[in-house]
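# Topology and contacts: notes
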Amino acid sequence: MSSSNFSAVAGLSVERIQVPKDPDAIMATDFRAFHDLDVAHHLDLWGNLDRCSTLAEAVLFWQGNEYEERHVFLARLDGSVVGSGTLTLPLSENTTTAGVDVRVDAAYRRRGIGTKILEVLEQQARGRNRVSFDAFCSEPLGLLIQGSELLEAKSGAGGVPLDSASTRFALHHGYSLEQVETNSTLAVPVGEALLQELEAQATQRAAGYGVIGWRNHCPDDLVEAFAKLKSLMSTEVPIAGLGWEGEEWDATRVRHEESTWLAGGVSSSVAVARHDSTGELAAYTTLTHREATPGMVYQEDTLVAPRHRGHRLGMLVKIANLRRIQELWPAATSVMTWNANENQHMLAINIALGFKPSGFDGEWQKRLE
Ligand SMILES: CC(C)(COP(=O)(O)OP(=O)(O)OC[C@H]1O[C@@H](n2cnc3c(N)ncnc32)[C@H](O)[C@@H]1OP(=O)(O)O)[C@@H](O)C(=O)NCCC(=O)NCCS
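Let us look at the structure shown here. None of these values were measured; they are calculated from a predicted model. (Residues numbered from 1 in each chain as written. Predicted model: local features only at pLDDT ≥ 70, side-chain atom pairs only at ≥ 80, totals over all residues. Heavy atoms only, no water.)

For the chain, the count of helices and strands is 10 helices and 14 strands. Here the C-alpha radius of gyration of the chain, 21 Å, is about what a compact globule of 369 residues would show, namely 21 Å. If you line up the chain on its principal axes, its C-alpha atoms span 70 × 45 × 40 Å. In the form shown here, the chain has an accessible surface area of approximately 16900 Å², with 52% of it arising from carbon and sulfur atoms. Separation of charge centres in the chain, based on 33 positive and 48 negative side chains, amounts to 1 Å. (Helix = DSSP H or I, 4+ residues; strand = E, 2+ residues; numbered from the N terminus. Rg over C-alpha atoms; globule rule 2.2 N^0.38 Å. Areas by Shrake-Rupley, 256 points an atom, 1.4 Å probe, with all protein chains shown as cover. Lys, Arg positive; Asp, Glu negative; His and termini not counted. Charge placed at Lys NZ, Arg CZ, Asp CG, Glu CD.)

Here we come to the site of the ligand. In the neighbourhood of the ligand, 18 residues make up the surrounding shell, with V104, R110, G112, G114 and T115 lying closest. For the ligand, an oxygen atom lies 3.4 Å from a polar atom in the side chain of R109. Contacts to the ligand include R110, whose backbone N or O atom sits 2.7 Å from an oxygen atom. Taking 910 Å² as the accessible area of the ligand by itself, protein coverage stands at 79%. (Near = heavy atom within 4 Å. Polar contact = N/O pair within 3.5 Å; in protein donor to acceptor, adjacent residues only side chain to side chain.)

This brings us to the packing of helix α7 (residues 223–232) against helix α8 (residues 251–263). Running from N to C, α7 and α8 point in directions that differ by 85°, and their axes come no closer than 8 Å. If you check the angle between α7 and α8, you find them roughly perpendicular. Listed contacts from α8 to V223, E224, F226, A227 and K230 of α7 are A251, V254, R255 and E257. Of the residues contributing to the contact of α7 with α8, the split by class is 5 nonpolar, no polar and 4 charged. (Axes fitted to C-alpha atoms, helices over the stretch in contact; angles between N-to-C directions. Parallel < 35°, antiparallel > 145°, perpendicular 65-115°, else oblique. Contact = heavy atoms within 4.5 Å. Nonpolar A, V, L, I, M, F, W, Y, C, P; charged D, E, K, R; others polar.)

Roughly 160 Å³ of internal volume is contained in the second largest pocket. In this structure, the second largest pocket is lined by 13 residues; those nearest its centre are R16, V19, K21, Q63 and R70. Mapped by element, the contributors of at least two residues to the lining of the second largest pocket are β1 (12–17) and β2 (68–77). A per-element tally of the lining of the second largest pocket places β2 first, with 4 residues. A class-by-class count of the residues in the lining of the second largest pocket yields 5 nonpolar, 4 polar and 4 charged. (1 Å grid on protein atoms, 1.4 Å probe; cavity = no way out; pocket = protein on both sides within 12 Å on 5 of 7 lines; lining within 4 Å. Points joined across faces, edges and corners; volume = space filled by probe spheres on them.)

We now examine the nonpolar core. A general feature of soluble globular proteins is that nonpolar side chains tend to end up buried together. V188, L313, L322, I325, V335 and L353 are the most contacted members of the largest nonpolar core, which has 30 residues in total. Secondary-structure elements contributing two or more residues to this core are α6 (192–205), β10 (266–275), β11 (281–290), β12 (296–304), α9 (313–328) and α10 (344–353). The element contributing the most residues to this core is α9, with 8 residues. Once residues within four sequence positions are removed from consideration, L353 is found in contact with L186, V190, L194, L195, L198, M315, K318, I319 and L322. If you look at the next biggest cluster of nonpolar residues, it comprises 27 residues, including L87, L89, I117 and L121. (Core = buried A, V, L, I, M, F, W, Y, C linked by side-chain atoms within 4.5 Å. Buried < 20%, exposed > 50% of the residue type's maximum accessible area, 1.4 Å probe, protein only.)

A few words now on unusual backbone geometry. V188 connects to P189 through a cis peptide bond whose omega is 5°. Along the chain, P189 turns up in the loop between β8 (176–187) and α6. Even without a glycine there, the phi angle at N94 is positive, about 55°. Along the chain, N94 falls in the loop between β3 (80–90) and β4 (97–104). Classification of N94 as buried rests on a relative accessible area of 10%.

Attention now moves to the pattern of salt bridges. Taken as a whole and assessed by the stated rule, the structure comprises 21 salt bridges. In this structure, D101 engages R103 in a salt bridge whose closest nitrogen and oxygen atoms are separated by 3.6 Å. Of the charged contacts in the structure, one is a salt bridge between K154 and E178, with a shortest N-O distance of 3.3 Å. Of the two residues, K154 sits in the loop between β6 (150–152) and β7 (159–161) while E178 sits in strand β8, which places them 24 residues apart along the sequence. Here the salt bridges do not stand alone but share partners, grouping D38, D101 and R103 into one network. (Salt bridge = Lys/Arg side-chain N within 4 Å of Asp/Glu carboxyl O.)

The values reported here are purely geometric and, on their own, carry no functional implication.
Structure, rendered in structure tokens:
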């Protein structure tokens, strides 16, 4: 593929690799090496694969789509794989931004390999007129509670350990820490007594709304309204100073997400609150589950439309969806979620439900002036 690049580190190459179109061709490809590195990284950092994409999901994701182009790079030292890089280029909105990510095999760090990979990613991004680069870095809570000195996020809510490799690397390359997210985990099933108590409190404030739901496929008569609600998810949530534009969702984009999930072995459950008198969709929450990791459920988006806030709809839709887990995915034992540290309303709901912090996510940005 294009972008072969030989660097100042003797024997190092960083090259874009092909993402297989046919899932059966995965085993022997470079993509398999990329995924193996991802698996090793998760095992090293977390001791489990709870946060790691499955191979099937990764292949589909990295193929990209009409909304985002996605490129995968492998770094080889004298022919052996020692690192990887990824580049995402939004195509519908945020078209002057790029997402970058760098991984270096633990045995090959501090030799300038990460720097070289990042240089290649940024060079490619600049070639596509991108002037703002975003990077996310997830790490376990253990790194924070060792009493390490913190680098405060610009959002003013939380920080990341100043001395970790990812922080030093990001700062060294001119990135600033815009926002920190908390990664939390909930053991399921949640006790029915707690759910009933929280539901009773929420229902008192939610007169005039009903909760409905679906699995994998939004009913045709709701899909346009659901798409409108999903558009709000990119603007009506705290994004600190990241400056992202809103995403435009329509029925086609909703169907695209649903079919990609199913093709990648991901099933989903959505609960929405509907305003009885207008029929408007006021709130939604989505859970996803992978057959390959049967114990884990991911909490995806949760949003209450601004004009319907203050009615405890966030809590109501979450309770409805949590109740469906046992019936839909009986092997599930945990739900995992990520929330911006300044998103106090969402965090309060999660804390009430019993979520406990397990990690944090630094959201970095570099803008070319
Ligand atoms: C972060 C990571 C990509 C760095 O890769 P690397 O090849 O070791 O980085 P480099 O050798 O190019 O380091 C460049 C500079 O970053 C800083 N740096 C990198 N690792 C560091 C560490 N462990 N401690 C202190 N500074 C560090 C230094 O300033 C270094 O320059 P120097 O060696 O001349 O002092 C690597 O540690 C890694 O893969 N970590 C896990 C994944 C990750 O966190 N990715 C970043 C996502 S935001």
